[in-house]
Amino acid sequence: MVLDRRNFLRAAAVTVGGAALSACGGTKEKSCCKDGEDACCKGKGAKLNISFQEGTLEGKSLNDKLDFMEKLGVNGLEVGGNGLSGRVNEFKQALNGRDIKISAICAGFKGFMLSEEERVRNECRDSMREIITAAGALGSTGVIIVPAFNSQKPVMPHTQETRDFLCQWFDELGTFAAENGTTVILEPLNRRETFYLRLVADAASICRDINNPGVTCLGDFWHMTWEETSDLGAFISGGKYVQHVHIASRKRRLMPGEDGDADNYVDGFRGLKAIGFAKYISFECGSKADDRNAAAVAGVELIRKQWEEA
C-alpha cells in the first residue's frame, strides 16, 4: 500500500477505533464502559435502517414504490421539502399501516442562510420554518440544509464572524425544530459544491458549540469520498450529532454497487456502529442500470452484507 496522507490517516483511525472497541470486547458492556463515553459503549444499540429518496425507484405512483420498498424491507422514505406542506396528508395516508416512516426531508428551502442580503436570508429562514413544521407533522428525523453553495452569491466571507452568525442562526432554527419534534440537519458537501462546511467533524463542531438538541448533522458517503481521510474517523468525529446518512456509489453517484469494488462502505459502517447509529442510511443517487429497481435491490443487498462485515 502506498503510504500517502489518506492511507496513513485511515490506518491510524482504524488502529485507534479498533483499539477502543477491542478494549471492551466489541460492543459488549464491560467495566471500562462505566461512564458511557467509550466508543464501545456508544456502539450499543446500532441498527441498520435503510431509506430511499422518493425518486430512487421507478413506479407509477407513490404506493407502487412503497409496496416495493416493503417487500425489500426498506423502512424509511426521504422526501423533498419543496411543497411539502401541501403533501402532509398524502404521505400520512400512504404510510398508514405500513412499516415505513419518513426519514429526513431533503432541502427544498428558498434563498440561503449565508447571503449578504438580508432579504435572501429571511427567505431561507421563513421557508425552512414552513418545511420544519411539515416535517414535525410527519414525524421526520429532520430537515437537511446546506449553508451555501458555491454558485450562491453574494455570500458572507469565511471568517469567525460568519461562523458566529451561523451558530446564532442555527440555534434559533434548531429551537423551532425541537418545538416541532424534529431537527435541522447540517450537510457537509465536497469542495466542488461548497466553500463552507466540507467535513463531518466541522458540522459536528458547530452542533457542539450551539448545544441545541434541534441542531444535528449528517455524513454523505459520496461527499466523504472526496473530503474525508477516513470514513470511520469521520463518523466517530460526528458522534452523537450524526442524525442521518446519505449513500451512493463512490465514483459516479449511482446505486451502491454500480461502481464495483469502489463501493466499499465497511470502514464507515464500523464508525456508525461505534457511535450507536440507529437512524437512517438513505439512498441519494441515480442509476445507469437498464432496470433501476433491480439495481436498488442489489444495492440494498450490498449494504446489508457490508453492515454485517463491519
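The following paragraphs examine the structure supplied in this document. Quick caveat, the model's predicted, so the values are computed rather than measured.

Before going further, it helps to spend a moment on unusual backbone geometry. A negative phi angle characterises most non-glycine residues, just as the trans form characterises most peptide bonds. With an omega of -5°, the peptide bond running from Lys153 to Pro154 counts as cis. With respect to the helices and strands, the residue Pro154 is situated in the loop between β4 (142–145) and α6 (160–179). Phi is positive for Arg253, close to 60°, though the residue is something other than glycine. Judged by its relative accessible area of 24%, Arg253 falls in the partly exposed class.

Let us now look at the pattern of salt bridges. One pass over the structure, following the stated rule, counts 16 salt bridges. The partner of Glu54 in a salt bridge is Arg87, and the shortest N-O contact between them spans 2.8 Å. Highlighted residues: Glu54 in the loop between β1 (50–53) and α3 (62–72) and Arg87 in the loop between β2 (76–80) and α4 (88–95), separated in sequence by 33 residues. For Arg87, a relative accessible area of 24% corresponds to the partly exposed category. Across the pair Arg87 and Glu90 runs a salt bridge, and its minimum N-O distance is 2.9 Å. With relative accessibility at 35%, the residue Glu90 sits in the partly exposed group. Salt bridges sharing common partners tie together Glu193, Asp220, Arg253 and Glu284.

Turning our attention to the side chain of Arg292. Note that Arg292 resides in helix α11 (residues 292–309). Salt bridges are absent for the buried Arg292, whose nearest opposite-charge side chain, Glu58, sits at 5.9 Å. Reaching out from Arg292, the side chain makes a polar contact with the backbone oxygen of Thr56 at a distance of 2.5 Å. Those residues in contact with Arg292 that lie beyond four places of it in its chain are Gly55, Thr56, Leu57, Glu58, Met255, Cys285, Gly286 and Ser287.

Moving on: the nonpolar core. By size, the foremost hydrophobic cluster in this structure holds 78 residues, and its most contacted members are Phe52, Phe170 and Leu186. Residues within four places of Phe170 in sequence aside, it is in contact with Met113, Ile145, Val184, Leu186, Ile210 and Val215.

Tracing the backbone shows Ser140 in the loop between α5 (118–137) and β4. Reaching out from Ser140, the side chain makes a polar contact with the backbone nitrogen of Gly142 at a distance of 3.1 Å. Leave out the neighbours within four places in its chain, and Ser140 touches Ile102, Ser103, Ala104, Ile105, Ala135, Gly181 and Thr182.

Here β2 lies mainly inside the structure; four of its five residues are buried. With α3 bridging β1 and its parallel neighbour β2, the resulting β-α-β unit is right-handed. Pairing between β2 and strand β3 (residues 101–106): four bridges, direction parallel. Bridge pairing in β3 links Leu77 to Ile102. Crossover β2 to β3 through α4 is right-handed.

Close contact between α6 and helix α7 (residues 200–210) brings their axes to 10 Å; oriented N to C, the two are set at 65°. In the packing of α6 onto α7, the handedness of the crossing is right-handed. Here Arg163, Leu166, Cys167, Phe170 and Asp171 of α6 come into contact with α7, specifically with Ser205, Ile206, Asp209 and Ile210. Of the residues contributing to the contact of α6 with α7, the split by class is five nonpolar, one polar and three charged.

Our next topic: the environment of Ala294. Among the structural elements, Ala294 can be located in helix α11. A relative accessible area of 39% places Ala294 in the partly exposed class. Along the backbone, Ala294 and Leu57 are 237 residues apart, and their C-alpha atoms lie at a distance of 9.3 Å.

As a further point, take helix α9 (residues 231–238). Considered for burial, the residues of α9 that qualify are Asp231, Leu232, Ala234, Phe235 and Gly238. For α9, the angular spread of buried residues about the axis comes to 165°, placing them on one side. At the N-terminal boundary of α9, the capping side chain belongs to Ser230, with an oxygen 3.4 Å from the backbone nitrogen of Leu232.

Reading the values: the criteria
Residues numbered from 1 in each chain as written. Predicted model: local features only at pLDDT ≥ 70, side-chain atom pairs only at ≥ 80, totals over all residues. Heavy atoms only, no water. Helix = DSSP H or I, 4+ residues; strand = E, 2+ residues; numbered from the N terminus. Buried < 20%, exposed > 50% of the residue type's maximum accessible area, 1.4 Å probe, protein only. Salt bridge = Lys/Arg side-chain N within 4 Å of Asp/Glu carboxyl O. Lys, Arg positive; Asp, Glu negative; His and termini not counted. Polar contact = N/O pair within 3.5 Å; in protein donor to acceptor, adjacent residues only side chain to side chain. Contact = heavy atoms within 4.5 Å. Core = buried A, V, L, I, M, F, W, Y, C linked by side-chain atoms within 4.5 Å. Right-handed = clockwise from strand over helix to strand, strands pointing away. Pairing = 2+ DSSP bridges. Axes fitted to C-alpha atoms, helices over the stretch in contact; angles between N-to-C directions. Left-handed = near helix turned anticlockwise from the far one by under 90°. Nonpolar A, V, L, I, M, F, W, Y, C, P; charged D, E, K, R; others polar. Arc of directions from axis to C-beta.

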